[in-house]
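Report on the structure
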Number of protein chains: 2
Amino acid sequence: MYTRAEENYLKCIFHLEQEHKGAVATNAIAQMMSTKASSATDMIQRLADKELVSYRRYKGTTLTKSGIAVAVAVIRKHRLWEVFLVEKLNFQWDEVHEIAEQLEHIQSEELITRLDKFLDHPDYDPHGDPIPDKDGNIKKTEKKVLSEMSKSQHGILVGVRETSGEFLQYLDKRNIAIGTKIKVLGKEFFDGSMIIQVKREQFFISKKIAENLYIQV
Amino acid sequence: MYTRAEENYLKCIFHLEQEHKGAVATNAIAQMMSTKASSATDMIQRLADKELVSYRRYKGTTLTKSGIAVAVAVIRKHRLWEVFLVEKLNFQWDEVHEIAEQLEHIQSEELITRLDKFLDHPDYDPHGDPIPDKDGNIKKTEKKVLSEMSKSQHGILVGVRETSGEFLQYLDKRNIAIGTKIKVLGKEFFDGSMIIQVKREQFFISKKIAENLYIQV
DNA sequence: TACTATTTTTAGCTTAGTCTAAAATAAGTT
DNA sequence: AACTTATTTTAGACTAAGCTAAAAATAGTA
């Protein structure tokens, strides 16, 4: 089995590799892990020794097959626990991330199999992210970042990129949740801000907000 | 907060102190923690620095007020998770110990508060052990070890001392569970073995088995 | 009481994971 | 091409937790 730290690095590299496509910079990893580049280098080298990543000095890191398998298994656990926390324990969607960060490292195949069943095999977590199946397959949803949509286009919110409490509370305050219908009423070229329609209300959102909302058109 | 290892040592010392009443020997701790006496000494000294235990060289260890508080909080979490695993995820009572050993270290007050509510504030775990309340109070059940009972006494099984899979499976095989009525039909002085009545069956049990069953008379 | 055996502690080494500071490499700019 | 800046790696040190082997204290016995 792998240590907590190893699992966290693998998960982190997985997410970065998804976003930017291609080898991941050491600095990017260090930043996301809230640690120093030297520590990241250290861990990357250990992961490379175990053939969980392939790594060339100064060139960046990518996950190997087995690295991906470990990362996806952790992500599956994380998202299943998030569903549990929200559906069964009635947590708000902005409160669950930190706890799931801990729960995702519990080691027991059987536990996850049973949890999955108990939750009735959910496909998505409370933030709209797909839950990998037992074999590591992830449903690809063709979603669009709201900031890339243009005037008068519309769709429903299927996911969020940021999962920080502040951001999710911002959405709650405006009654925006997974499944909410959103329409772009206007878009400002200068700063990328938008005016959107949500239910019967319309309001202004900054580019930063728009970049963190995933829409299915 | 405390590390996993610190929490495990505190829990271990708590259990040993309960059993033998009085200061706990370093060797006893090392043995229960499956580690070496030198490692135990090391950790005990660290715990003493943090005032979680009081310790005098060569004399043994006892928990302080704050040490007890930490230990009891961990035990509360452990037992609540065991209830969850058995009641909600349908694990057998012999399968849950190891998983609960991991879950007991998840840090979140709120999580435990909600889990407790979700489980409808259980008083006992699946092995019959009382679950400490939020403030660390533990229900004292006046129970007797079966091996100390004498011929023709009877009572119901309210707890087990051993929680290993083999032992619990042994009980399952003989249809003995928490709540089962047990009567002592005979007792052999030479080796402490017994003949007991369980429902309509009667059978022979060794002293070792009898020492691990708690009965309420 | 003195000797032996057991228990406990100390001393020194190991590994995982972190850090800082310095060196090496890559990238960007004149 | 040469110089500057940014990124990445190496070197060396630290902490938590463990280990082995040796020393010290306690307990048990002749």
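Everything below is about the structure printed above this text.
The structure reproduced in this document is the subject of the present report. (Residues numbered from 1 in each chain as written. Chains lettered and ligands numbered in written order. Predicted model: local features only at pLDDT ≥ 70, side-chain atom pairs only at ≥ 80, totals over all residues. Heavy atoms only, no water.)

Looking at the packing of helix α4 (residues 65-88) of chain B against helix α6 (residues 109-118) of chain B
All names here are of chain B.
- For the pair α4 and α6, the least separation of the axes is 10 Å and the interaxial angle reads 40°. Between α4 and α6, the angle is such that the two are oblique. Regarding α4 and α6, the two cross each other, and that crossing is left-handed. Contacts between α4 and α6 pair R76, K77, L80, W81, F84 and K88 from the former with L111, I112, L115, D116 and F118 from the latter.
- Residue composition of the contact of α4 with α6, grouped by class: seven nonpolar, no polar and four charged. (Axes fitted to C-alpha atoms, helices over the stretch in contact; angles between N-to-C directions. Helix = DSSP H or I, 4+ residues; strand = E, 2+ residues; numbered from the N terminus. Parallel < 35°, antiparallel > 145°, perpendicular 65-115°, else oblique. Left-handed = near helix turned anticlockwise from the far one by under 90°. Contact = heavy atoms within 4.5 Å. Nonpolar A, V, L, I, M, F, W, Y, C, P; charged D, E, K, R; others polar.)

Considering the interface of chain B and chain A
- Facing 21 residues of chain B, the contacting portion of chain A comprises 21 residues.
- Across the chain B to chain A interface the summed buried area is about 1,700 Å²; carbon plus sulfur atoms make up 71%.
- It is B:L89, B:Q102 and B:R114 in chain B that bury the most area against chain A; as a group they hold 31% of the surface buried on that side.
- Linking chain B with chain A are six residue pairs in polar contact (both at pLDDT 80 or more).
- Elements that contribute at least two residues to the side of chain B that touches chain A include exactly α4, α5 (97-103) and α6 of chain B.
- Per element, the largest residue contribution to the side of chain B that touches chain A is five residues, and it comes from α6(B). (Buried area = accessible area lost by both parts, 1.4 Å probe. Polar contact = N/O pair within 3.5 Å; in protein donor to acceptor, adjacent residues only side chain to side chain.)

A few points about the protein's contact with DNA strand D
- Near DNA strand D lie 20 residues; those nearest to it are A:Q45, A:Y55, B:T3, B:T35 and B:S39.
- Those atoms of DNA strand D that come within 4 Å of the protein belong to sugar or phosphate at a rate of 79%.
- The separation between a phosphate oxygen of DNA strand D and a polar main-chain atom of A:N27 is 2.9 Å.
- For DNA strand D, a phosphate oxygen lies 2.5 Å from a polar atom in the side chain of B:S39.
- At the level of secondary structure, the elements contributing two or more residues to the surface near DNA strand D comprise α2 (26-32) and α3 (37-49) of chain A together with α1 (4-20) and α3 (37-49) of chain B.
- The residue makeup of the surface near DNA strand D, split by class, is eight nonpolar, nine polar and three charged. (Near = heavy atom within 4 Å.)

Some points on the packing of α1(B) against α4(B)
All names here are of chain B.
- Following both chains from N to C, one finds α1 and α4 inclined at 95°, their axes separated by 8 Å at the closest point. Taken together, the axes of α1 and α4 are roughly perpendicular relative to one another. Side by side, α1 and α4 meet where E7, L10, K11, F14 and H15 of the first sit next to G67, I68, V70, A71, V72, V74, I75 and R79 of the second.

Some remarks on the relation of the copies chain B and chain A
- Mapping chain B onto chain A calls for a screw motion: a turn of 180° about the axis and a shift of 0.0 Å along it, with 0.1 Å RMSD after fitting. What we have between these two chains is a two-fold relation. Residue B:L103, judged by its C-alpha, is the member of chain B lying nearest the rotation axis, at 3.8 Å.
- A share of 100% of interface residues in chain B that are also interface residues in chain A marks the association as one of identical surfaces. (Least-squares fit on C-alpha atoms with pLDDT ≥ 70 in both.)

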